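Here is how the chains run, residue by residue.
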Amino acid sequence: ATEQEEGKVTYPVVLQNGDFESPVVDEDKCYKMYAGAIITETEIQDPNGIGWSTTAKDNMVEIGRLTAPGAASQYGTATARDGQQIAELNANVTGLLYQRISTLPNQKLHWGFSHRARGSAGMTEETMSMWIGSSDQIEQARAIYDRFALLDEKDANYLKREEAMAKVDRLAEELRFTNVVHTAVLNGDKTAWDELTGDFVVPSERHVTEYAFASWAVSTDGLPTSYGNLLDRVYLSDIIPSEKHNL
């Protein structure tokens, strides 16, 4: 496989760790926080081999091991969509979870991800967005998202969730990037995951594509929460990947 560059950074040509099976969480622990990959001006620093970057201020990504003792009470399920591990989009603090990969102009790619509600903070529904676009497009969407996720509600620039989501919708239409909003609902099924799939054609002259997830989950007071939005089996590829057995 070859790699392409955006500026001085070389990005992988395939999405990394879409099943969140790396790093391997200890068998007796149901979750662990890992530092996300850091993208500098010249390289990607990823000593944990996690593949994913985050905009969270603490740079932490939460990986859950659903075969560990206590996982069912921690996450509301003991069944991963693919393999044994999952990611919780809402980790310690709010932020995007994303990767940048090298792509070929006009290339048709298949995207997919599995989403499940955790059901914490008194909520039975958890909403998130998936974005696919250029790093500049995603950065513009993030600027709107951060006004909901990071600002105090007394701040003049603060946006309520519905306002921020509407602004991102309009931005996606204007800039023509992929914006998929999905709400996972708890229904008593301890094993079910919602699977979302689709296709994406890389625009002409684009060589790097960003794939990002943003949480819109809120607690009962309507403010962002650090709980919820379980993710698994994420892919962006010209071939739909095979599944691992759920051990």
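So, here's what we can say about the structure. None of the values given here were measured: they were computed from a predicted structure.

Moving on, we come to the pattern of salt bridges. Counted under the stated rule, the structure contains 9 salt bridges. A salt bridge links Arg-100 to Glu-210; its shortest N-O distance comes to 2.8 Å. Here Arg-100, found in strand 9 (residues 97-102), pairs with Glu-210, found in strand 14 (residues 208-215); they are 110 residues apart in sequence, far enough to count as distant. With relative accessibility at 19%, the residue Arg-100 sits in the buried group. The shortest N-O distance in the salt bridge between Arg-142 and Glu-139 comes to 3.8 Å. Of this pair, Arg-142 and Glu-139 both sit in helix 2 (residues 135-149), 3 residues apart, which is roughly one turn of the helix. In this structure Glu-139 comes out as partly exposed when scored by relative accessible area, which is 41%.

Attention now moves to the nonpolar core. Of all hydrophobic cores here, the largest spans 27 residues; its most connected members are Trp-111, Phe-113, Tyr-211 and Phe-213. For this core, the elements supplying multiple residues, two or more each, are strand 7 (60-65), strand 9, strand 10 (108-116), strand 11 (125-133), strand 13 (194-201), strand 14 and strand 15 (230-237). Core analysis: the next-biggest nonpolar cluster, separate from the first, contains 21 residues, Phe-148, Leu-159, Val-168 and Leu-171 among them.

This brings us to the sheet that holds strand 7. Pairing between the strands of a sheet is mediated by backbone hydrogen bonds and can be parallel or antiparallel. Taken together, the 6 strands give an open sheet; going across it, the order is 3-7-8-15-10-13, and neighbouring strands pair in antiparallel fashion. The strands lining the two open edges of the sheet, one partner per strand, are strand 3 (31-35) and strand 13. If you compare each strand with its neighbour and ignore which way they point, the axes differ by 35° on average. When strand 10 meets strand 15, the two strands line up antiparallel, connected through 6 bridges. Paired with Ser-114 across the strands is Asp-232, a residue of strand 15.

Scoring rules and cut-offs
- Residues numbered from 1 in each chain as written.
- Predicted model: local features only at pLDDT ≥ 70, side-chain atom pairs only at ≥ 80, totals over all residues.
- Heavy atoms only, no water.
- Salt bridge = Lys/Arg side-chain N within 4 Å of Asp/Glu carboxyl O.
- Helix = DSSP H or I, 4+ residues; strand = E, 2+ residues; numbered from the N terminus.
- Buried < 20%, exposed > 50% of the residue type's maximum accessible area, 1.4 Å probe, protein only.
- Core = buried A, V, L, I, M, F, W, Y, C linked by side-chain atoms within 4.5 Å.
- Pairing = 2+ DSSP bridges.
- Axes fitted to C-alpha atoms, helices over the stretch in contact; angles between N-to-C directions.

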